[in-house]
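Structure assessment
So the chains spell out like this:
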Amino acid sequence: MISPKKSFLFQILCFLLFHDHRRSLATEEYEFVVKEASYTRLCSTKKILTVNGLFPGPTIQVQHGETIFVNINNQGKYNITIHWHGVQQPRYPWSDGPEYITQCPIQPGGTFRQKIILSTEEGTLWWHAHSDWSRATVYGAIIIHPNTGTRYPFPKPDAEAPIILGEWWKEDVTEVLQRMFESGGDPKFSDAFTINGQPGDLYPCSKQGTFKLTVDRGKIYLLRLINAAMNVILFFGIRKHNLTVVGIDGGYTKPLNTEYVAISPGQTVDALLIANQRPDRYYMAARPYSSGRNVPFDNTTTTGTVQYKGRYNPTSSFSSLPSLPFYNDTNAAFSFFRGLKSLANKNHPADVPLNIRTRIITTISVNSFPCQHHHSCSGPNGTRLAASMNNISFVDPSIAILQAYYQHAKGVYGNRFPNMPPFIFNFTAEYLPLNLETPKRGTEVMFLDYNSTVEIVLQGTNLMAGIDHPIHLHGYNFYIVGSGFGNFDIYKDPLKYNLKDPPFRNTVSVPVNGWTTIRFKADNPGVWLLHCHIERHMTWGMRTVLIVKDGDGLEERLLPPPLDMPPC
């Protein structure tokens, strides 16, 4: 017979074991309250949209393969959606976020409990608003740590820091967007770039808030770089310090030692900083890369400080900025991009699709429409600026495409997105006929069979203005097997593909008047947006939708929607 004392101790032990088991199975929840808050930058104060009053917003810390929930409470004045950029959300696009693609927006006063499913991602990703231009201030980092008991495939850093690059307008960004709609021309470019929400020493009224990274000499720091800027690719570097890139877009790379980083809107870069210089203060800086002719942009520089611990007299060299490439140095930008390689080892293999079943070639173009009602717009020759993929300028439906697909609703979207450009011409010629500049409007999607191997050639054009395009695919990472300048040659260029260790990303920069080829296996059923991450281009219509059909097995099918999907 068990004594009362032993029985009591046994009950306590069982309770502790059960409680610990429940705690290990607990799913972490985050509370995101979308609301306005007042912030002062560049000598003036304005209200901006934030999450929890923070700018940038809160950092989400998770482990590899974890599932979390984020409760969105919209206390702002406008509709909102939140996208978890680079999170593949296997079989569950319901929480992916782009408005009228996977959900209708969360209206003011509304809520939505979003389920975020991590799978293969590891490293740095980010979250941001995906409705109108709200992401100008509504964004934050997602840090995905290796599982307990596993290691980074690089020297363990002593500390880490997110470095989020952004843009700042003195006026309300919704007014910037509204004027762009009304005028039909380019939007007003930003008044400053920011590092972790601060413009830095070179802008008025900004020195006091400049971001500072304090370091110990001899230690290693993991910088988690995120380009949250709206419309600009950026160069980044640190005075007298090299960086070693070890990861991109939530995956690992072969180490790349470099004096600077090129990073497009939507992309992330994990880079090691070794504090190996004389104790002093050193500038970190970011400034734009812009290749488009006669395309206005903010040609300023944002700064932060790397500050060594200890007692010393700062030298006059502190006033010197890092040596970054010139603003239109295309070779420098793509020399960096092409230097990135997948780790491609036993623990982190590169599974590049070799036998391609579905081939797609799509143009990505800046276009124009005639100005309506016989008015003159602010685009070239009095036109209204637009953008397209394969000559279709995407139009949002009135309800979410995912909802229509799941419910078999008719008339919401078409399935005629072409797998080849409808017009074949010298895409990158200096002078092109004006009649090619006007696309069609439409809500056309492309269907992909489950598990099909897909190759997409993204071909830039010189219609209106050739410029680089960072293209982002939701729900997937893809291998960037090739890129080049000029027109893609279907016979010669595939012979030069890297099928051994190509970079594995969710966002790729297509070079100005050039092409890029990506490959992936369509093993994530659902509705997934493909678009340019330069915000004005996406707004103008440079996007389409890939619908990956269900497979035959139960684990190959789209999961059902949550009960609290925002109403349309």
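Anything mentioned here points back to the structure above.
Conventions we followed
- Residues numbered from 1 in each chain as written.
- Predicted model: local features only at pLDDT ≥ 70, side-chain atom pairs only at ≥ 80, totals over all residues.
- Heavy atoms only, no water.
- Salt bridge = Lys/Arg side-chain N within 4 Å of Asp/Glu carboxyl O.
- Buried < 20%, exposed > 50% of the residue type's maximum accessible area, 1.4 Å probe, protein only.
- Helix = DSSP H or I, 4+ residues; strand = E, 2+ residues; numbered from the N terminus.
- Polar contact = N/O pair within 3.5 Å; in protein donor to acceptor, adjacent residues only side chain to side chain.
- Contact = heavy atoms within 4.5 Å.
- Arc of directions from axis to C-beta.

Moving on to the pattern of salt bridges. Inspection of the entire model under this criterion finds 19 salt bridges. In this structure, lysine 188 and aspartate 191 form a salt bridge, with 3.0 Å as the shortest nitrogen-oxygen distance. Relative accessible area serves as the criterion here: at 35%, lysine 188 is assigned to the partly exposed category. Taking the relative accessible area as the measure of exposure, aspartate 191 reaches 23% and is therefore partly exposed. A salt bridge links aspartate 216 to lysine 309; the nearest nitrogen and oxygen atoms lie 3.5 Å apart. Linking aspartate 216 in the loop between strand S11 (212–215) and strand S12 (220–227) with lysine 309 in the loop between strand S19 (302–308) and helix H3 (330–339), this pair joins segments that are 93 residues apart in sequence. The exposure class of aspartate 216 is partly exposed, given its relative accessible area of 22%. Overlapping salt bridges bring together Glu160, Arg224 and Asp270 as one network.

This next bit is on the side chain of histidine 128. Mapped onto the fold, histidine 128 is located in strand S7 (residues 123–129). A polar side-chain atom of histidine 128 sits 3.3 Å from a polar atom in the side chain of histidine 85. With near-sequence residues (within four places) excluded, histidine 128 lies in contact with Thr81, Ile82, His83, His85, Arg135, Val138, Tyr139 and His533.

All right, on to helix H2 (residues 173–183) then. Listing the buried residues of H2 in full gives Val173, Val176, Leu177 and Met180. Down the axis, H2 shows its buried residues gathered within 95 degrees of arc, on one side only. Following H2 by one or two positions, glycine 184 has its phi on the positive side, about 80 degrees.

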